[in-house]
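Understanding the architecture of this molecule
The residues making up each chain are set out below.
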Amino acid sequence: MNQQQLHDKILDLVRDYYKEYHLPKNSAYKDGDRIPYASRVYDAEEMVNLVDSALEFWLTSGRYTKAFEQDFASYLGVKYCALVNSGSSANLLAFATLTSPLLKERALVRGDEVITVAAGFPTTVTPIIQYGVVPVFVDVTIPQYNIDVAKLEEARSEKTKAVMVAHTLGNPFDLQAVKTFCDKYGLWLVEDNCDALGSQYTIDGEEKFTGTVGDLGTSSFYPPHHMTMGEGGAVYTNNPLLNKIMRSVRDWGRDCICASGQDNLCGHRFDKQYGDLPKGYDHKYVYSHFGYNLKATDMQAAVGVAQLKKFPSFIERRRHNFAYLRRELACLEDEVILPEPCENSKPSWFGFLITCKKAGRRDPAVSYLEKHGVQTRMLFAGNLTKHPCFDDMRKTGEGYRIVGDLTNTDRIMNDTFWVGVYPGMTDEKLDYMAKTIKAAFRQ
């Protein structure tokens, strides 16, 4: 048996292994089953790609990475994509890109300000603080749970350089208003698209995927997200200079653009002058930025290549599941506020948000749901500025600003939770979830 024959035999065995040990034998809901807020949805193709990559044993970024970056960019309709090892790294990379000296007077520096929200996941805000830039927090709206665009003008100062904000649980924020604001003042717009991959928004008469309207968009491929690599993320843009910077920062800050294992693509590896280095210093070890190693492995990318083929069906099922719950829970509108999509949007929902109208009702409802097998989640940090990581800044009153008050943010912290709509949910599971949620508020 030659190498190719053995390779093919191994992959055939992987397919058999999937059928025997991973293929769901019975997806029907049974009493006592726990319904998670999210889960992976995959078949033999992901496992075959993963093992195929492992047999090649390139391990770092390689052919699957190149294929995924090209396919993902094509799907979103953008020119450039950089695969990274997590959604948090994607946010870090996007923000770090905007600190490059190549951006001249538009580069973010210490003391500059970025408008964002406190109701969300911390890694949208973390890079801002880590780079010594000041996050300026504005409130959000309910029932969209996104940035209150009426606060943008009040939040802006002469130090404002960017807006960096997430599309909450798949629901796009008002991109028309935010983009118009950013264009008016020459601000960068970073769309944290980690919870909204596949969501669409019509702006200036054109329907676009969220993450592609701003200067930079980010995605996460953590298992609960819209598609998965286990760990993984991406940054994407249509701006060639931002692409050059982000790929440099992702790959240790190097000036060289050669791929892993490639030498002298530019043809001038040993004959140029860089900084105060000796003339002809090896270009592979010239650094134009203070960067990181944020690359994903080719094994992660291999899983992503297979997931992307299924992705349109994931979106449709998420929309179906959301609509199903919205219809079934309409009878609770005296008790709760149900989520509403942003105008001009077509969300790819990550979850189904519920806000209790009466104070003190959230915790008993969540306890009831968890006890009866329905997994719940808070809207992440609730109000990030109330967390221990802000203790020192709260004491000094420095390092961040709050515009007005965060009334809705605090309400979300106290009264809001969400349940899942991931594509592996059957109508039977949705029926049970809806029945259990109704019981939680009628007990």
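Right above here is the structure, for reference.
Summary of the structure given here. (Residues numbered from 1 in each chain as written. Predicted model: local features only at pLDDT ≥ 70, side-chain atom pairs only at ≥ 80, totals over all residues. Heavy atoms only, no water.)

What follows concerns the nonpolar core. Of all hydrophobic cores here, the largest spans 32 residues; its most connected members are Ile 115, Ile 147, Val 163 and Val 178. Secondary structure elements with two or more residues in this core: strand S2 (113-117), strand S3 (134-138), helix H6 (152-155), strand S4 (160-166), helix H7 (175-185) and strand S6 (200-203). No other element matches the four residues that H7 contributes to this core. In this structure, Val 163 is in contact with Val 114, Ile 115, Val 178, Phe 181, Cys 182, Leu 187, Trp 188, Leu 189 and Val 190, ignoring residues within four places of it in sequence. Core analysis: the second largest hydrophobic core is formed by 29 residues, Phe 352, Val 374, Met 433 and Ala 440 among them. (Core = buried A, V, L, I, M, F, W, Y, C linked by side-chain atoms within 4.5 Å. Buried < 20%, exposed > 50% of the residue type's maximum accessible area, 1.4 Å probe, protein only. Helix = DSSP H or I, 4+ residues; strand = E, 2+ residues; numbered from the N terminus. Contact = heavy atoms within 4.5 Å.)

Taken in spatial order, the eight strands of this open sheet run S1-S9-S8-S5-S4-S2-S3-S13, and their pairing is mixed. Here the strands that pair on one side only, and so sit at the sheet edges, are strand S1 (80-84) and strand S13 (401-402). Sheet analysis places S1 next to strand S9 (residues 233-237), joined by five bridges and oriented antiparallel. When the bridges of S9 are listed, Leu 83 appears paired with Ala 234. Its contacts with the sheet put helix H3 (residues 63-76) on S1, strand S8 (216-220) and S9, and the angle it makes with S1 is roughly 130 degrees. (Pairing = 2+ DSSP bridges. Axes fitted to C-alpha atoms, helices over the stretch in contact; angles between N-to-C directions.)

On the basis of which strands lie adjacent, the open sheet formed by three strands has the order S7-S6-S11 and antiparallel pairing. A single partner strand is all that each edge strand has here, and the edge strands are strand S7 (206-209) and strand S11 (345-346). Strand direction decides the pairing type here: S6 and S11, joined by two bridges, are antiparallel. Along S11, the bridge assignment pairs Gln 200 with Lys 346.

Time to look at helix H13 (residues 427-442). Under the 1.5 Å per step criterion, the end-to-end length of H13 is 22 Å for 16 residues, consistent within 8% with the ideal 22 Å. Burial in H13 covers these residues: Lys 429, Leu 430, Tyr 432, Met 433, Ala 434, Thr 436, Ile 437, Lys 438, Ala 440 and Phe 441. (Expected span 1.5 Å × (residues − 1).)

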